[in-house]
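Per-entry structural report
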Amino acid sequence: MKEFSIGEKVRLVSLPPYLKTADTMPMLRPADILQVGDEGTVLDRRPGGYWGVRFPKGAFLMDDQYLESV
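Residues numbered from 1 in each chain as written. Predicted model: local features only at pLDDT ≥ 70, side-chain atom pairs only at ≥ 80, totals over all residues. Heavy atoms only, no water.

This brings us to the nonpolar core. In this structure, Leu34, Val53, Phe55, Phe60, Met62 and Leu67 are the most contacted members of the largest nonpolar core, which totals 14 residues. The leading source of residues in this core is strand β5 (residues 50-55), at three residues. If near-sequence neighbours (up to four positions away) are discounted, phenylalanine 55 is found in contact with Leu34, Asp38, Glu39, Gly40, Phe60, Met62 and Leu67. (Core = buried A, V, L, I, M, F, W, Y, C linked by side-chain atoms within 4.5 Å. Buried < 20%, exposed > 50% of the residue type's maximum accessible area, 1.4 Å probe, protein only. Helix = DSSP H or I, 4+ residues; strand = E, 2+ residues; numbered from the N terminus. Contact = heavy atoms within 4.5 Å.)

And the structure:
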C-alpha cells in the first residue's frame, strides 16, 4: 500500500475500469475522461483505501495502485 501526503503531486500510471467522482454523492464516470500520465493533487484519504485526487478534469476517488508520486 502506497502512502501519499495531502497536497502531493501524483501521476496516473494506469486507468481503472471506471472512475468514481469525489463528490458528496459519488458518481461513476467512464475512465476515458483521464489519460495515463495525467497529473493531479492529493486532496485527502478516504475510507476503503481510496485517495481523493484533483485532476484538471475533476476530482476522483483513486486506488493507490493507479497512482505514483511525481
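Read on, since the account is not over.
The alternating pattern of strand β2 (residues 18-21) places Leu19 and Thr21 on a buried face, while none of Tyr18 and Lys20, on the opposite face, is buried. In this sheet, strand β3 (residues 28-30) lies alongside β2 in antiparallel orientation, the contact comprising three bridges. Counterpart to lysine 20 in the pairing with β3 is leucine 28. With two bridges joining them, β2 and strand β6 (residues 58-63) adopt antiparallel strand pairing. What sits directly across from lysine 20, in β6, is leucine 61. (Pairing = 2+ DSSP bridges.)

Another point: the side chain of aspartate 64. Looking at the element boundaries, aspartate 64 is found in the loop between β6 and β7 (67-69). The side chain of aspartate 64 is buried and forms no salt bridge, while arginine 45, the nearest opposite charge, is found at 5.4 Å. Those residues within four positions of aspartate 64 in sequence are excluded, and the remaining contacts are Met1, Lys2, Phe4, Gly49 and Trp51. (Lys, Arg positive; Asp, Glu negative; His and termini not counted. Salt bridge = Lys/Arg side-chain N within 4 Å of Asp/Glu carboxyl O.)

Here the focus is the pairing of β6. Along β6, five of the six residues are buried, which leaves the element largely enclosed by surrounding structure. With six bridges joining them, β5 and β6 adopt antiparallel strand pairing. In the strand pairing of β6, phenylalanine 55 is matched with glycine 58. In textbook terms, the turn of a hairpin is the stretch between consecutive antiparallel strands, and for β5 and β6 this stretch comprises two residues.

Further remarks concern the side chain of threonine 21. Locating threonine 21 in the fold gives a position in strand β2. Its relative accessible area of 9% is what places threonine 21 among the buried residues. Within the structure, the side chain of threonine 21 is placed 3.1 Å from the side chain of aspartate 23, a separation counted as a polar contact. Here methionine 27 takes part through its backbone nitrogen, which lies 2.9 Å from a polar atom of the side chain of threonine 21. Look past the residues within four positions of threonine 21 in its chain and what remains in contact with it is Pro26, Met27, Arg29, Ala59, Phe60 and Leu61. (Polar contact = N/O pair within 3.5 Å; in protein donor to acceptor, adjacent residues only side chain to side chain.)

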